[in-house]
Amino acid sequence: MKRLCILLALAAFAGCSEGDRGGPVDPRVTDASRPLLLMTFPSVPPFSYRNEAGEIVGTDIDLARRIAARMGRELVVEGANFNEILPRLKAGTADMGIAAIAITDARRRDVDFSEPYDECGGCFLYRKDGRKPRMSQISTCRVAVESDTVDDLYLCLHGCDPMRFAHVNEALEALEKDEVDAVFFDAMQLKTRAESSGGRLLVTPLETRYIYGVAVDKRRPDVLAAANAVIAEGRAK
C-alpha cells in the first residue's frame, strides 16, 4: 500500500503544470498590461516597409495588430535586419516576428511557427540590357543575395557562390551599378522593384516556393494560439 501511494503521488506531481509546481512562469504571459513586441524587417513591401512618414506599415503589420487585438494587448513594432529577428525571439527579448519569414525545419528548432498565412517564392531580378540568369548556368553568373536567408541557402545548394549582403537594398544597389548580374530574393518585392523601374529591370518566373508563418518565442504559447486563431478567421472569410 505504501508503494502504491508513492507511485500515485509521483504520477500526480508529473501531471502538474510548471505553474502548479511553483516553477517560473514568463511574466509576459501572465501580465496582460505588457505590450506585444513585434520584430519585423521593414524593407519588404507590401509585407513590411516604412511609409513616407517613416511609420512601419504593411500587410504583416496589419496581421500583428489583429493578433494583439485578439489578446487585448498593445502592439509595439520594432524594425531590425532580417537576420536579427529569430535570435531575438530565441533569446526571449521579443514576442513574435512577422517579416515574410519562410517556415523551415531548421528555424523550428529555435522558434515556434503559426499556421501558414501566405506563400510566395524566390526569383531573379536582372537588368533588361544585361544577362538573364538561368539556374542551369548559375555558377557562372554574378548573383547577389541577402545573407542567411532561404534564398542564400537555395543558391548554395545549386552550386552558386553568391555575393552576400546584409540587406537586400544593398544587393539592389549593386545590381543598379552593374556590380552583379542579378539579385535573387522574394518575388513580391522584386516585382515591385521591377514595376517601378520604367522597364529597366525584369524578373524571371518563380524558382522556389515557400510558405510564410508568424515566428513566435517558444515561451509564448498564448501568442501562438492567438496567431493561429486570427489566421484561421482570415481563411474563413
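Notes on the structure in this doc start here.

Procedures and definitions
Residues numbered from 1 in each chain as written. Predicted model: local features only at pLDDT ≥ 70, side-chain atom pairs only at ≥ 80, totals over all residues. Heavy atoms only, no water. Helix = DSSP H or I, 4+ residues; strand = E, 2+ residues; numbered from the N terminus. Buried < 20%, exposed > 50% of the residue type's maximum accessible area, 1.4 Å probe, protein only. Contact = heavy atoms within 4.5 Å. Areas by Shrake-Rupley, 256 points an atom, 1.4 Å probe, with all protein chains shown as cover. Arc of directions from axis to C-beta. Pairing = 2+ DSSP bridges. Lys, Arg positive; Asp, Glu negative; His and termini not counted. Salt bridge = Lys/Arg side-chain N within 4 Å of Asp/Glu carboxyl O. 1 Å grid on protein atoms, 1.4 Å probe; cavity = no way out; pocket = protein on both sides within 12 Å on 5 of 7 lines; lining within 4 Å. Points joined across faces, edges and corners; volume = space filled by probe spheres on them. Nonpolar A, V, L, I, M, F, W, Y, C, P; charged D, E, K, R; others polar. Core = buried A, V, L, I, M, F, W, Y, C linked by side-chain atoms within 4.5 Å. Axes fitted to C-alpha atoms, helices over the stretch in contact; angles between N-to-C directions.

What to know about the overall build of the protein chain
A count of helices and strands for the protein chain gives nine helices and 15 strands. When burial is assessed residue by residue, the protein chain has 43% of its 237 residues classed as buried. Of the contacts made within the protein chain by residues no fewer than 6 positions apart, 68% connect residues no fewer than 24 positions apart. Accessible surface, the protein chain: about 12,400 Å² in total, of which carbon and sulfur atoms supply 53%.

A few points about helix α6 (residues 150-157)
Listing the buried residues of α6 in full gives Asp151, Asp152, Tyr154 and Leu155. Buried residues of α6 fall within an arc of 165 degrees about the axis and therefore sit on the same side. Across from the buried face of α6, at angles greater than 90 degrees, the exposed residues are Leu153 and Leu157. Downstream of α6 by a residue or two, Gly159 has a phi angle that is positive, lying close to 80 degrees.

Looking at the sheet that holds strand β3 (residues 48-50)
Sheet architecture is open: three strands sit in the order β2-β3-β4, paired in antiparallel fashion. What marks the edges here is a single partner per strand, and that holds for β2 (43-44) and β4 (56-57). With two bridges connecting them, β3 and β4 associate as antiparallel partners. Bridging across to β4, Arg50 finds its partner in Ile56.

Things to note about unusual backbone geometry
A positive phi angle, close to 50 degrees, is found at Ala100, a residue other than glycine. Residue Ala100 is classed as buried on the basis of its relative accessible area of 12%.

Focus: the side chain of Asp60
Examined against the element boundaries, Asp60 turns out to sit in helix α3 (residues 59-71). In this structure, Asp60 is buried with no salt-bridge partner, the nearest side chain bearing the opposite charge being Arg66 at 8.4 Å.

Thoughts on empty space enclosed by the protein
Under the definition given, this model contains one cavity of 30 Å³ or more. If you add up the space inside the largest cavity, you get close to 140 Å³. Around the largest cavity sit 15 residues that line it, and Phe82, Ala100, Asp151, Phe185 and Asp186 are the ones nearest its centre. At the level of elements, α6, β12 (182-186) and β14 (210-212) are the ones that each hand at least two residues to the lining of the largest cavity. Here the lining of the largest cavity is built from residues that sort into 10 nonpolar, one polar and four charged.

A short note on the pairing of strand β9 (residues 122-127)
By the criterion of burial, β9 is predominantly enclosed, with six of the six residues buried. In β9, alternate side chains face the same way, and those of Gly122, Phe124 and Tyr126 on one face and Cys123, Leu125 and Arg127 on the other are all buried. The sheet contact formed by β9 and β12 spans five bridges and is antiparallel. If you follow Cys123 over to β12, its bridge partner there is Phe185.

Some words on the nonpolar core
Of all hydrophobic cores here, the largest spans 38 residues; its most connected members are Ile101 and Val183. Residue assignment for this core shows that the elements contributing at least two residues are β1 (36-40), α4 (82-91), β9, α7 (168-176), β12, α8 (187-195) and β14. Other than its neighbours up to four places away in sequence, Val183 contacts Cys123, Phe124, Leu125, Ala144, Val168, Ala171, Leu172, Leu175 and Leu190. In terms of nonpolar packing, the next biggest core, distinct from the first, is built from 19 residues, Leu36, Ile56, Ile67 and Ala68 among them.

A short note on the sheet that holds β9
Strand order across the open sheet formed by five strands is β11-β10-β12-β9-β13, with mixed pairing between neighbours. Each having just a single partner strand, β11 (163-165) and β13 (201-203) make up the two edges of the open sheet. Pairs of neighbouring strands in the sheet enclose a mean axial angle of 30 degrees, with direction left out of account. α7 rests against β9, β10 (143-146), β11, β12 and β13 of the sheet, and its axis sits at about 150 degrees to β12.

By themselves, these figures tell us nothing about what the structure is for.
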